[in-house]
Amino acid sequence: MNGKADEKAMDHRRLGRALGLFDTDPLMGAGLPYWLPDGAVVRHTLEEYIRDAERRAGYRHVYSPALGKRELYEISGHWDHYRDDMYPPMRLGAEEVVLRPSLCPHHALIYRSRSRSYRELPLRLAELGAMHRAELSGVLGGLTRVRAIHLNDAHVFCTLDQAVAEARAALELIARAYADLGIEAVRHRLSLPGAGGKYVADPELWRRATGLLREVLAEAGVAYEEAEGEAAFYGPKIDVQIADPASRESTLSTVQIDFHQPARFDLHYVGADGAKHRPVMVHRSVIGSVERAVAHLVEVHAGAFPAWLAPVQLVVLPVAEEQAEPAAALVREALALGLRAELAGPGEGTLGARIRAVRLVPYQAVIGAREAGAGLAAVRLRDGRRPGALPVGDLLRRVAGRVAARGTALWD
Ligand SMILES: [Zn+2]
């Protein structure tokens, strides 16, 4: 295959449709994809992975609404600096509400909903929540440019002394997730403000936040490049860059240190000295939006997801009708263990044709007369390896073990 054909085959829109993961309908609207059952499995598994990783890292999850009063975004600064990317407000009686362009203001309100002591810090609030961006229809396509975004977001409210360690821990969480998902960071970027009125004006705030992010990158030993004009309007950020098979770069994960929003929302905590202090907000996203993350996973794995993410993990293929019952029993046992397993029986074609049809399924178990008589299954891995005939109990233990471990290795 030449580069161009290769690139086309890897396009997540084509693959997404071919694999039955997601699609769009002009009547739902451009940039508003829907998820089919297999795509929903991948998305749900990814979301659970992230929530689990965050819980282990000391985050607490919240829910907040995808709508907010216009006033909320006037306070946060979104209305002044980000309005072009927001949907127009909806009038509701005397109020104006907008689809939120970010989760940060909601989390700031949750933080200040009660008085906070320094003993509670760092307070790590996480949410996988919807936000909206009024993308122009000309740039929409698949899952990478969408108008409704589901962001893996979190805000760490902490003291100034804790900010570098928290941002660094977030970078580590990102690195671990990339290893488990089989994706690669092509580079780290320190994104700084550019010219123009897009950014809040407070040189001291920018200088301090940028200095801390440089410290984070130095401590983590990560090489990085600086880019002007790529910062958030309220502060600089570390962007973790990925590349698609055509080497087009985009940002998946971000870590930011923010002095601006805590001031705008007048956040504080009571210190050990009994006085009020201003916390710092570390904004971070491990996998960015689930839309962009799944688009990238589809492309880099060409549909062959790591086993723990795969819509179907194990397919059982009886050679003939006579093996239908032991094959069905193996599927039932796999389902009872929490694995995603399916049967591909002789009614679906020759054994060769069935094996070709399930080539993206990580584990394939063939049961012929010899295997059925001995309680075995002939195991084939998606990558071409043939571990051979195994007792079905051993097979299930191996597969369940690999799936529970997450990561990208198919076999021990
Ligand atoms: Zn934020």
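Residues numbered from 1 in each chain as written. Predicted model: local features only at pLDDT ≥ 70, side-chain atom pairs only at ≥ 80, totals over all residues. Heavy atoms only, no water.

Undergrad: An account of the overall build of the chain is needed here, citing residue identities and associated values.
TA: Across its full length, the chain holds 14 helices and 20 strands. Across its three principal directions, the C-alpha atoms of the chain cover 75 × 50 × 45 Å. Scored against the burial criterion, the 412 residues of the chain give a buried share of 51%. Considering only contacts in the chain between residues 6 or more positions apart, those separated by 24 or more positions represent 70%. Summed over its atoms, the accessible surface of the chain is roughly 18800 Å², and 52% of this surface lies on carbon and sulfur atoms. (Helix = DSSP H or I, 4+ residues; strand = E, 2+ residues; numbered from the N terminus. Buried < 20%, exposed > 50% of the residue type's maximum accessible area, 1.4 Å probe, protein only. Contact = heavy atoms within 4.5 Å. Areas by Shrake-Rupley, 256 points an atom, 1.4 Å probe, with all protein chains shown as cover.)

Undergrad: Please give an account of the pattern of salt bridges that cites residues and values.
TA: If you walk through the whole model with that rule in mind, you get 33 salt bridges. One salt bridge in this structure joins arginine 70 and glutamate 96, with 2.7 Å as the shortest N-O distance. Within this pair, whereas arginine 70 is found in helix H4 (residues 70-76), its partner glutamate 96 is found in strand S6 (residues 95-99), the two being separated by 26 residues in sequence. Take arginine 70: its relative accessible area is 26%, and that puts it in the partly exposed class. Put simply, Arg70, Glu74, Arg91 and Glu96 are held in one network by salt bridges that share partners. (Salt bridge = Lys/Arg side-chain N within 4 Å of Asp/Glu carboxyl O.)

Undergrad: Mind laying out the side chain of glutamine 256, listing which residues take part and the relevant values?
TA: Following the sequence through the fold, glutamine 256 ends up in strand S12 (residues 249-258). Reaching out from glutamine 256, the side chain makes a polar contact with the side chain of tyrosine 234 at a distance of 2.6 Å. (Polar contact = N/O pair within 3.5 Å; in protein donor to acceptor, adjacent residues only side chain to side chain.)

Undergrad: Before we move on, can you summarise the sheet that holds strand S3 (residues 60-61) with the specific residues and values?
TA: The strand order S3-S7-S8-S15-S12-S11-S9-S10 describes an open sheet built from eight strands, whose pairing is mixed. Strands at the two margins of the open sheet, each flanked by one partner only, are S3 and strand S10 (224-228). In terms of strand pairing, strand S9 (residues 187-192) meets S10 through five bridges, oriented parallel. The residue bridging serine 191 from the neighbouring strand is alanine 227, located in S10. Helix-sheet contacts for helix H6 (residues 104-111) involve strand S7 (123-132), strand S8 (148-158) and strand S15 (280-285), and the interaxial angle to S7 is about 145°. (Pairing = 2+ DSSP bridges. Axes fitted to C-alpha atoms, helices over the stretch in contact; angles between N-to-C directions.)

Undergrad: Residues and numbers for the coordination of the zinc ion, please.
TA: Protein ligation of the zinc ion involves Cys104 (SG), His155 (NE2) and His283 (ND1), the donor distances falling in the range 2.0 to 2.2 Å. Here the donor residues for the zinc ion map to a single chain with the spacing C-x50-H-x127-H. Here histidine 155 is found in strand S8, whereas its partner histidine 283 is found in strand S15, with 128 residues between them in sequence. An identical accessibility class is assigned to histidine 155 and histidine 283; each is buried. (Donors = N, O, S within 2.8 Å, 3.2 Å for Na, K, Ca; no water.)

Undergrad: Go over the packing of helix H11 (residues 324-336) against helix H14 (residues 392-405) with me, naming the residues and quoting the values.
TA: At a minimum axis distance of 11 Å, the contact between H11 and H14 shows a crossing angle of 35°. For the pair H11 and H14, the crossing hand works out as right-handed. Listed contacts from H14 to Leu330, Glu333 and Ala334 of H11 are Val392, Leu395 and Leu396. Split by residue class, the contact of H11 with H14 holds five nonpolar, no polar and one charged. (Left-handed = near helix turned anticlockwise from the far one by under 90°. Nonpolar A, V, L, I, M, F, W, Y, C, P; charged D, E, K, R; others polar.)

Undergrad: I'd like to hear about the nonpolar core, residue by residue, with values.
TA: Core analysis: the biggest nonpolar cluster contains 104 residues, and Leu181, Ile257, Leu330 and Leu395 have the highest contact counts within it. Considering each element in turn, this core owes the most residues, 10 residues, to helix H7 (residues 163-181). The two domains that each donate at least three residues to this core are domain 1 (3-301) and domain 2 (314-405). In this structure, leucine 181 is in contact with Leu46, Ile287, Leu297, His301, Pro306, Trp308, Leu309 and Thr408, ignoring residues within four places of it in sequence. Listed in part, the nine residues of the second largest apolar core include Leu317, Ala344, Val366 and Ala378. (Core = buried A, V, L, I, M, F, W, Y, C linked by side-chain atoms within 4.5 Å. Domains from an automatic or database assignment.)

Undergrad: Account for unusual backbone geometry, naming residues and giving values.
TA: Omega for the peptide link from leucine 121 to proline 122 comes to -5°, which places this bond in the cis form. Considering the arrangement of structural elements, one finds proline 122 in the loop between H6 and S7. Phi is positive for aspartate 266, which is not a glycine, with a value near 50°. Assessed through its relative accessible area of 45%, aspartate 266 is described here as partly exposed.

Undergrad: How would you explain helix H3 (residues 37-56) if you had to name every residue and give the values?
TA: If you check H3, its first and last C-alpha atoms are 28 Å apart, about what 20 residues at 1.5 Å a residue would give, namely 28 Å. Every buried residue of H3 is listed here: Gly39, Val42, Arg43, Thr45, Leu46, Glu47, Tyr49, Ile50, Arg51, Asp52, Ala53 and Glu54. (Expected span 1.5 Å × (residues − 1).)

Undergrad: Tell me about the packing of aromatic side chains, residues and numbers included.
TA: Scanning the model with the defined rule gives six aromatic pairs in all. Ring geometry for tyrosine 199 against tryptophan 206: centres 5.8 Å apart, planes inclined by 85°, an arrangement best described as edge-to-face. For the pair shown, tyrosine 199 and tryptophan 206 are each scored as buried. Against the face of tryptophan 35 rests arginine 43, its NZ or CZ located 5.1 Å from the ring centre. Sitting over the ring of tryptophan 308, arginine 406 keeps its end group 5.7 Å from the ring centre. (Phe/Tyr/Trp six-rings, centres within 6.5 Å; stacked < 30°, edge-to-face > 60°. Lys NZ or Arg CZ within 6 Å of the ring centre and 35° of its normal.)

Undergrad: Could you give me a rundown of the sheet that holds strand S18 (residues 363-367), with the residues and numbers involved?
TA: Strand order in this open sheet of five strands is S17-S16-S18-S19-S20, and the pairing throughout is mixed. Both edges of this open sheet fall to strand S17 (341-343) and strand S20 (388-391), since each of them pairs with a single strand only. Direction aside, neighbouring strands of the sheet carry axes that sit 30° apart on average. The pairing of strand S16 (residues 314-318) with S17 spans three bridges and is parallel.

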